[in-house]
Structure formats: C-alpha cells, structure tokens
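Reading the structure
The lines below spell out each chain.
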Amino acid sequence: MLIGRRIMAAVAIDLGAAGPANWTHRAVAIVALCFAINMADGIDVAMLSFIAPRVQADWSIGPEIMGRLFSAGLFGMAIGGMFIAPLADRLGRRRVILVALVLMSGGMLASGLVQTVAQFFVLRVLVGMGIGTVLAAMAALAAESAPPAQRNFAVGLVQAGYPFAAIFTGLIVARLLPVHGWHILLSGAGVITVALFPLAWLLLSDALPENEDANVPRGSVSALFAPEYRARTLALWAAVFFGLMVLYFIVSWITKLSIQAGLSETDGIYAGAIYNCGAFVGTVSMSVLAMRLPLGKLVPAMLVGAAAAMLWFGAVPMSVGFTMLTAFLIGVLLQGGYNGLWPLAAGSYPARTRATGIGWAIGIGRAGAIVGPWLGGQLMAAKVALPILFATYCVPLLACALCAYMVRCVTSQSQR
C-alpha cells in the first residue's frame with residue numbers, strides 16, 4: 001500500500017486549466033491511458049454488432065429485439081454522460097473514471113453469463129453508463145494533461161482509440177466466435193477493461209480541476225446556460241446530435257449500402273472494415289492538423305467534404321476498388337470531422353465545468369444516434385433511391401458543420 005501511495009504521489013498531476021508547459025512522461029502516460037480506455041469502449045460497443053447474428057440465432061429473437069439491445073447501450077451512455085460524468089468536476093477525474101471502469105468491466109464480465117434478453121438489456125445499460133461517463137471524463141482529462149498548444153491534438157488522438165479497436169475486434173471475433181461462442185467473447189472484453197483499472201488507479205490524481213473563475217460552480221448544469229456559455233452549449237448539443245445522426249446511420253448500414261451500391265456481400269463487409277480504417281486515419285489526421293489549423297474551420301471543412309463523398313458514393317456507379325476507396329474517404333472525413341467536436345467542446349468550457357459540458361453533449365447526442373439508423377431503415381424500407389437517401393443525410397451533416405463553426409465563433413467572441 002505504501003509503495004502504491006508513493007507511485008501515486010510521483011505521477012500525480014495538477015488538473016488545472018493551464019496544463020504542463022511541455023510534454024512530460026506522466027502527461028504522455030495519461031493520454032496513452034485515455035487512448036487505451038477508449039479502445040476498450042470500442043471493443044465493448046463493436047463486439048455487440050459483430051455477435052448480433054449469433055445472439056439472434058441462439059435465442060431465436062428478431063431484429064426488433066436485437067435493436068432494443070443496441071438501444072440499451074445508447075440509453076446507458078446518455079445516463080452516464082448526463083448524470084455521472086458531471087461528478088468528475090466535483091470529485092475529480094480519477095474517482096469517476098475508476099467508477100466508470102467498474103461499470104464497464106462488471107457489465108461485460110456478467111454479460112458472459114446472461115441467459116435471458118432482460119438480463120442482457122440491463123447489463124448493456126450498465127456498460128453504456130460506464131462508456132458515457134468515461135468518454136466525457138477522458139476528454140476533460142486529456143485536455144488538462146496536455147500542453148496548451150497540443151491540447152486539441154491530445155483530445156482528438158484519444159478519440160482514435162475507438163475506431164482502432166473496432167478494426168481488430170471484427171477480425172478477432174470472426175476467428176473466435178465459431179470456436180468459443182459469444183458468451184466468452186463478452187467476458188474477454190470485460191477482462192481487457194479490468195486490466196486498465198490498476199493503471200488508472202496508480203496513474204491518475206484525485207486533484208480537483210481548478211480555473212481562474214472561482215465563481216463558476218463545479219459540475220453545475222445550470223452553469224452551461226450562463227449568458228457567456230448558453231450559445232455555445234446549444235450549438236454544441238445540436239452539432240453532436242446531427243453528427244451522431246449521420247455517423248450511426250453510416251456505421252449501422254454501411255455494409256448494406258455498399259451492397260446496394262453494387263458490391264457483393266463479402267465485399268460489402270470489407271467496405272465496412274475499410275470505413276473503420278478510414279475513421280482511424282481521419283481521427284489521427286484531424287488531431288495532427290488541429291495543432292496548426294483552427295478547429296472551427298477544420299471540423300466544418302471535413303464534414304462538408306464527407307457530405308460530398310457521400311453524394312458521390314450514392315450517385316456515381318463505380319468499380320469495386322473505387323467504391324472501397326470512397327468508403328475509406330467517408331470514414332476519414334466523417335469520423336475525423338465528428339471526433340473534432342470533442343476537442344472543440346473541451347476548449348469551450350472552463351475546467352470546473354468541462355466534464356459536465358462534454359457529458360451533457362454526449363447525452364443529448366445519443367438521441368441523434370437513435371434517430372439516424374431508424375430513419376435510414378424507414379427510408380430503405382420505402383425503397384428510396386440511393387442518391388436521395390445519401391442526399392437526405394447530407395442535410396443534418398451540413399447542419400453539424402454549421403453548428404461546429406458556430407461553437408468556435410461564440411467561444412472566440414467570449415474570450416476576447
């Protein structure tokens with residue numbers, strides 16, 4: 001215990017608004033830990049989509065029941081982001097991240113033992129609560145750990161853990177599912193999350209985030225609607241809602257859409273994997289570019305580019321190679337642009353309310369994640385032509401770009 005306390009004291013970090021002047025070993029370690037935790041999030045979420053057909057077959061359930069299990073995770077993320085993550089501004093980042101890891105790992109480990117849909121639904125809510133909490137807390141922690149000049153890079157890089165994990169999770173599940181079944185895969189994902197707990201325990205600090213404006217109440221939702229923050233809060237919520245609406249539409253239907261665009265079933269699956277590769281490349285690229293370009297211009301530019309790529313994908317007949325390349329490009333621009341919202345959000349609030357602001361944006365945005373795939377399913381059921389389908393989703397995507405631009409504009413004006 002004494003050794004553990006000495007280690008904690010050695011790596012403790014001041015979570016103030018300023019951050020270290022230059023990268024330190026512990027700052028790099030904290031950002032790397034956040035990246036790894038986000039990878040665990042990606043494994044937990046992606047796992048369900050990959051095992052869904054086997055779950056349906058084993059339990060003889062239809063797509064509507066499976067859809068409820070998917071929605072359970074989104075519901076849990078909203079709860080975690082809106083009601084647990086704000087505690088990170090009051091109790092410190094470390095305690096809340098540890099609680100989130102307990103929720104995630106406990107939910108995934110127990111999922112390996114489920115026997116009924118009701119049990120699985122409850123556990124998916126539990127896992128979602130942990131993910132929603134840790135997403136907000138990690139974004140705040142990465143922003144406060146990095147040097148100010150690299151803050152956008154740090155927050156953006158952390159987001160790349162999610163698509164990176166989605167790539168290799170599919171490959172692993174494809175090999176192990178026929179041999180071991182889906183229960184043990186869920187428990188295995190829980191073990192990975194458990195392994196991150198001691199690292200977070202030793203590396204993170206209990207220090208509360210400080211800010212030059214001591215009048216700002218810690219973790220207060222009402223503070224997000226103070227006159228100087230109201231406009232950016234509403235613009236951020238709208239940006240996340242519209243962004244997740246399009247993002248979850250693409251992620252949920254990319255394989256089917258690729259088949260409709262002319263690919264075989266196998267190539268359609270590969271297109272989904274290539275999209276995730278593009279998502280990883282795009283998020284990392286956005287993080288690097290954010291050190292040189294203002295996010296208020298970079299994010300909208302990437303999202304407008306994604307809209308153009310989506311229109312091209314839906315309207316222009318292409319060979320298999322060009323279809324794959326376009327799917328990759330959509331991943332680069334859409335996921336990279338959307339993930340740029342989080343460093344934008346981290347820079348929009350003072351340290352004392354940063355986790356609260358990000359958490360509530362995550363919670364509100366989950367509604368868009370529900371509406372997007374549902375609307376896409378309705379349009380495809382109505383046999384809407386592919387060009388019109390993609391053009392329809394370009395509308396909320398452009399709205400996301402406009403709202404992201406507004407977030408930066410109102411934040412810059414208030415800081416003058």
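Here goes a summary of the coordinates provided. Since the structure is predicted, the reported quantities are computational estimates derived from the model, not experimental observations. (Residues numbered from 1 in each chain as written. Predicted model: local features only at pLDDT ≥ 70, side-chain atom pairs only at ≥ 80, totals over all residues. Heavy atoms only, no water.)

Notes on helix H10 (residues 230–260)
Between its first and last C-alpha, H10 extends 43 Å over 31 residues, near the 45 Å set by a 1.5 Å rise per residue. The sharpest bend along H10 comes to roughly 65 degrees, located at Trp253. Gly262 sits one or two residues past H10 and shows a positive phi near 120 degrees. (Helix = DSSP H or I, 4+ residues; strand = E, 2+ residues; numbered from the N terminus. Expected span 1.5 Å × (residues − 1). Bend = angle between axes of the 7 residues up to and from the residue.)

Some words on the pattern of salt bridges
Counting across every chain of the model gives 3 salt bridges. Arg93 is the salt-bridge partner of Asp89, the closest N and O atoms lying 2.6 Å from each other. Neither Asp89 nor Arg93 differs from the other in exposure class; each is buried. One salt bridge connects Arg93 with Glu144, and the closest N-O pair in it is separated by 2.6 Å. Placement of the pair is Arg93 in helix H5 (residues 93–111) and Glu144 in helix H6 (residues 117–145), with a sequence separation of 51 residues. (Salt bridge = Lys/Arg side-chain N within 4 Å of Asp/Glu carboxyl O. Buried < 20%, exposed > 50% of the residue type's maximum accessible area, 1.4 Å probe, protein only.)

What about the environment of Ile259?
Inspection of the secondary structure assignment puts Ile259 in helix H10. The spatial distance from the C-alpha of Ile259 to the C-alpha of Ala271 is 9.3 Å, given a sequence separation of 12 residues.

Observations regarding the packing of aromatic side chains
Taken as a whole and judged by the stated rule, the model has 16 aromatic pairs. Plain terms: the ring middles of Trp237 and Trp360 are 6.0 Å apart, the flat faces sit at 20 degrees to each other, and that makes the pair stacked. Here the residue Trp237 occupies a position in helix H10, and Trp360 occupies one in helix H15 (residues 354–381), the gap between them amounting to 123 residues. You'll find Trp237 and Trp360 in the same group, each marked buried. Through a chain of ring-to-ring contacts, three or more aromatic side chains come together here, namely Phe35, Phe164, Phe168 and Phe280. Over the ring of Trp201 we find Arg94, and its NZ or CZ is 4.6 Å from the ring centre. (Phe/Tyr/Trp six-rings, centres within 6.5 Å; stacked < 30°, edge-to-face > 60°. Lys NZ or Arg CZ within 6 Å of the ring centre and 35° of its normal.)

Read these as layout, nothing more, since geometry by itself doesn't imply function.
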